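As a plain string of letters, each chain reads:
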Amino acid sequence: MTEVLLVAGTPPQPGILSGAVRRLREQGARVRLVGALNPDELPADLGVDGLCALPEAIAKTAPSRTALRAGPGERVWARIRREPWLRERYRSADVLVAMDAHAIYTVWRLAQRNRTADARYGVAAAVQAIAERKMRPAPSPLQRLTNGLPSSDVVRQGVSRLVHAAPHAAVSAVTARPLMRSKIGTQLWLTAVQAPRMPDSLRAKVAHQVADSMAWAGRPDGEALILNATARKLSQPAARARMLADAASRQLKAGIAPSDLKPAVEALLSVADQRHRVDENAAAANLLNRAMTLAFDRVLHIDQLSSPLAQDPEGFIAPFRRSLTATTVAAPRGRLQPAAPPPTGRPLRLLIATSANDNFLKLIRAHYEAHPDVEVRFLDLAANAALKSVTWAAKSMLEHRLSADQTAYGAKVEDRLRPHLDWADTVFVDWCVAPAALFTMIDPGTTRIIARLHSYEAISRWPHMVDFSRIDDLVFVADHIKDLTTTLVPQLQGADAPRMHVLDNAMDLRGFQIDKAPEARFQLGMVGINQVAKDPRWAIEVLRLLRRRDDRYRLLLVGGEMNPDVSIATREYLEAFHRDLAELEPSGAVRRLGPTNDVPKMLADIGVIISSSVREGCHCGLMEGAASAAVPVVRDWPFFAGRPHSARTLYPEGWVIGTPEEAVERILATTATEETWRATGRAASEHALREWDWSVVQHHFDRMILDGGQS
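Keep in mind that what you see is a predicted model, and the values were worked out from it rather than measured. (Residues numbered from 1 in each chain as written. Predicted model: local features only at pLDDT ≥ 70, side-chain atom pairs only at ≥ 80, totals over all residues. Heavy atoms only, no water.)

## Remarks on the overall build of the protein
Inference 1: When helices and strands are tallied, the protein shows 34 helices and 17 strands.
Inference 2: Per-residue burial over the protein gives 57% buried out of 711 residues.
Inference 3: When contacts within the protein are restricted to residue pairs at least 6 apart in sequence, long-range pairs at least 24 apart make up 71% of them.
Inference 4: Carbon and sulfur atoms make up 49% of the accessible area of the protein, which totals about 29,400 Å². (Helix = DSSP H or I, 4+ residues; strand = E, 2+ residues; numbered from the N terminus. Buried < 20%, exposed > 50% of the residue type's maximum accessible area, 1.4 Å probe, protein only. Contact = heavy atoms within 4.5 Å. Areas by Shrake-Rupley, 256 points an atom, 1.4 Å probe, with all protein chains shown as cover.)

In structure tokens:
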């Protein structure tokens, strides 16, 4: 005889319950019942072979505070599992039956403990299970152990119907945290969200609810899997694009490079193109902005040790080059008049502009403020309320670039920026981000525009929003950054491209000439550890290998730590870094010196300066260390290694190495004796001062700014 256990999460209607028991008994089953029941309302002739009646509100109340915070399905389980009556009987059951949505989770949990039972949702499915059991032979002991987990049967028999009938109840009942953490839970909902003949609106609603439950259960991979699977079943392109974008966004938020980033970006761009063709430019701008935000998210390019832009820059940018909307934004509009030559008979009016970051401007600004032939104004757009509100308005910028006519945003930019352009002969915009896009949003008149691009901007969306036909001179800090940027930005390859210059950062390296004590020979140093891209763990690996050969070596870390709140990817790297430090700090092998305003003083204790980064523009900290006569050891930055320009072309032969093992050999060779160490350091200092000191670099800036762009 087949043993059937019915589970009720909410009180069943007496007539429905009687009919269910009768159908099961007609199949020759012995029927037991447990759950939310009112014994006084049960039919006298119900005919069950065992009964455990629990309070009717078990889906709303719970035996513990933790269970009360859970969903109704978990609350039913938390109450039912405590019953001795149940524990004595569920293991002998052949078929476990959820009478309602709130009982599904309990049946699933019971099925994990009784692998030989069939689990079903609804009486009709239970009757079918009894018939199937009669047709198949009794399972062997091995089959009992490997019997497929029954919740997949729950899916096939009932979840799709439940989703159609009551999606909210379905999601709340079958998204308990343990279920969502399991492969079964994922498979259950993959089946449900891909069920045929479901309206797009219902399918999307259920998918987002399930994805939220996956997030609650700590399953970002499951979130993306559900949303991407749902997107493939949606008939409307716009809905599909939004779903794919949501899946990618959730993975990025979790610090994960999205598995389906390219389809999401392409879908957004395709719908943006449709909107742009019918002049719905606000919608097109929103979609393009979303595509750019996803494609250039910091988790992909900044908070990881690699980037799609390092592996295949042209392939990565290809969807934007194929997009009508993106190419319209990037199309050169040109300037109505050429920039005027430098004035004669009066000082050059130089406007230096940035937004909240003047770290690399101090020497430049001081030089021209003291120059008799230059009148300087400094504009921090972040400190100017009228300009701050329009500077970082990416969607408004994109809509303006997409529109054939003047927009309200464009008029506002014209009104607020024109007085600055009318005053200046030359504008020097530092950082090729939003301010550079803003200054090219309107025609500059005869004012000459210079923009400087460091390193970060090349892997951001901002250069794709700048009209380079309105920039006269574009400054890069290194050739490898120029190569990458010109590969990614088609405007920089055409006839409308600006003059391009490679000028070193302004650094007062003479202030770093320091006398070092003999013991500095055995002290490695890093200046700047506040980004994943600095990869201090690589330097720690060098130290480990080095100390196996000579335990006198130490590592000094100068600078503030990474911010774990920036992204989960950064937090995970930082946690691994802290595990390294916990191993090495107690012995003094590693010391963190923290941030400082007196870097030369810190460098006095450092005999070997390390650049362990995966990418850099020019790495000022390394150059300052070299100027201090520390021996430079530069990792061949993986982002650019093997390209025509890289760390190997920026620095002298011998400074750059490929592996931690090669770094160890260079350090041991150059610090073998105090004389060798000091001689190597002096040579590095002489090179740094000869090539990169401001006393040299300022002449290149003068030729560009004062002489009309001839560098």
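## As for the layout of surface pockets
Inference 1: Size it by volume and the largest pocket reaches roughly 1,600 Å³.
Inference 2: Forming the boundary of the largest pocket are 50 residues, of which N359, F360, N530, K534 and C620 lie nearest the centre.
Inference 3: Among the elements of the structure, α21 (362-369) and α30 (620-627) are those that each provide at least two residues to the lining of the largest pocket. (1 Å grid on protein atoms, 1.4 Å probe; cavity = no way out; pocket = protein on both sides within 12 Å on 5 of 7 lines; lining within 4 Å. Points joined across faces, edges and corners; volume = space filled by probe spheres on them.)

## Re the sheet that holds strand β14 (residues 590-594)
Inference 1: Within the open sheet, the 6 strands sit side by side as β14-β13-β12-β15-β16-β17. Their pairing is parallel. One side of each edge strand has no neighbouring strand; the edge strands of this open sheet are β14 and β17 (656-657).
Inference 2: Most of the contacts of α30 go to strand β15 (residues 608-611), to which it runs at about 165°, and overall it touches β12 (523-527), β15 and β16 (631-635).
Inference 3: Packing of helix α32 (residues 660-670) onto the sheet brings it into contact with β12, β15, β16 and β17, and relative to β16 it is tilted by some 170°. (Pairing = 2+ DSSP bridges. Axes fitted to C-alpha atoms, helices over the stretch in contact; angles between N-to-C directions.)

## Concerning the packing of aromatic side chains
Inference 1: Going through the model one piece at a time under the given rule, you end up with 12 aromatic pairs.
Inference 2: Residues Y651 and W655 carry aromatic rings whose centres are separated by 5.7 Å and whose planes lie at 25° to one another, so their mutual orientation is stacked.
Inference 3: Residue classification places Y651 among the buried positions, given a relative accessible area of 3%.
Inference 4: Under the relative-accessibility criterion, W655 is labelled buried at 7%.
Inference 5: Ring geometry for Y651 and W692: centres 5.8 Å apart, planes at 90°, overall edge-to-face. Here Y651 is found in the loop between α31 (647-650) and β17, whereas its partner W692 is found in helix α33 (residues 674-692), with 41 residues between them in sequence. Residue Y651 shares its accessibility class with W692, and that shared class is buried.
Inference 6: One aromatic cluster in this structure is built from W637, Y651, W655 and W692.
Inference 7: Across the ring face of F378, the terminal group of R365 is positioned such that the distance to the ring centre comes to 4.0 Å.
Inference 8: Above the ring of W462, the side-chain terminus of R461 is found at 4.9 Å from the ring centroid. (Phe/Tyr/Trp six-rings, centres within 6.5 Å; stacked < 30°, edge-to-face > 60°. Lys NZ or Arg CZ within 6 Å of the ring centre and 35° of its normal.)

## Notes on the pairing of strand β2 (residues 29-36)
Inference 1: For β2, the tally of buried residues reaches 7 of 8 residues, placing the bulk of the element in the interior.
Inference 2: Across 7 bridges, strand β1 (residues 2-8) lies against β2 in parallel orientation. Within β2, the residue paired with V7 across the bridge is V34.
Inference 3: Each parallel crossover has a hand, and the one from β1 via helix α1 (residues 14-26) to β2 is right-handed.
Inference 4: Relative to strand β3 (residues 50-54), β2 runs parallel, the two being bridged by 5 bridges. (Right-handed = clockwise from strand over helix to strand, strands pointing away.)

## Quick notes on unusual backbone geometry
Inference 1: At D279, a residue that is not glycine, the phi angle is positive and equals roughly 65°.
Inference 2: A positive phi is found at W431, a non-glycine position, where the angle reads about 75°.
Inference 3: If you trace the backbone, W431 turns up in the loop between β8 (426-430) and α25 (434-439).

## What to know about the packing of α30 against α33
Inference 1: Orientation of α30 relative to α33, taken along the N-to-C sense of each, is 120°, at an axis distance of 7 Å. As far as their axial angle goes, α33 and α30 are oblique. Residues M623, A626 and A627 of α30 form the contact with α33, whose participating residues are G681, A684, S685, A688 and W692.
Inference 2: Of the residues that constitute the contact of α30 with α33, the class distribution is 6 nonpolar, 2 polar and no charged. (Parallel < 35°, antiparallel > 145°, perpendicular 65-115°, else oblique. Nonpolar A, V, L, I, M, F, W, Y, C, P; charged D, E, K, R; others polar.)

## Some words on the pattern of salt bridges
Inference 1: For the coordinates displayed, the defined rule picks out 37 salt bridges.
Inference 2: Its salt-bridge partner being E561, residue R592 comes within 2.5 Å of it at the nearest N-O pair. Within this pair, whereas R592 is found in strand β14, its partner E561 is found in the loop between β13 (554-558) and α28 (568-584), the two being separated by 31 residues in sequence.
Inference 3: Since its relative accessible area comes to 34%, E561 is described here as partly exposed.
Inference 4: One continuous salt-bridge network, built from bridges that share partners, spans R537, E541, R544, D580 and E583. (Salt bridge = Lys/Arg side-chain N within 4 Å of Asp/Glu carboxyl O.)

## Points about α32
Inference 1: The set of residues buried in α32 consists of P660, A663, V664, R666, I667, L668 and T670.
Inference 2: Residues of α32 that are buried in the fold lie against β12, α27 (536-549), β15, β16, β17 and α33.

## Re the sheet that holds strand β10 (residues 473-476)
Inference 1: The strand order across the open sheet built from 6 strands is β7-β6-β8-β9-β10-β11, with neighbouring strands paired in parallel fashion. Pairing within the sheet leaves two strands with one partner each, and these edge strands are β7 (374-380) and β11 (499-502). Each adjacent strand pair in this sheet contributes to an overall mean axis angle of 20°, direction not counted.
Inference 2: Across 7 bridges, the pairing between strand β6 (residues 348-354) and β7 is parallel. Bridged to R349 within β7 is E375.
Inference 3: Contacting β9 (448-453), β10 and β11, helix α26 (residues 479-488) crosses the sheet at an angle of about 145° to β11.

## Comments concerning the confidence of the model for the protein
Inference 1: Here the protein shows a mean pLDDT of 88. Residues at 70 or above account for 90%.
Inference 2: This model gives residues 140-167 a pLDDT under 50, and the stretch forms 59 contacts once residues within four places in sequence are excluded.
Inference 3: With pLDDT under 50 throughout, residues 173-177 is counted as low confidence; its partners more than four residues away or in other chains account for 20 contacts. (pLDDT = per-residue confidence, 0-100.)

## Considerations on α27
Inference 1: Helix length check: α27 (14 residues) gives 21 Å between terminal C-alpha atoms against 20 Å at 1.5 Å per residue, within 8%.
Inference 2: Residues of α27 that are buried: P536, W538, A539, I540, V542, L543, L545 and L546. (Expected span 1.5 Å × (residues − 1).)

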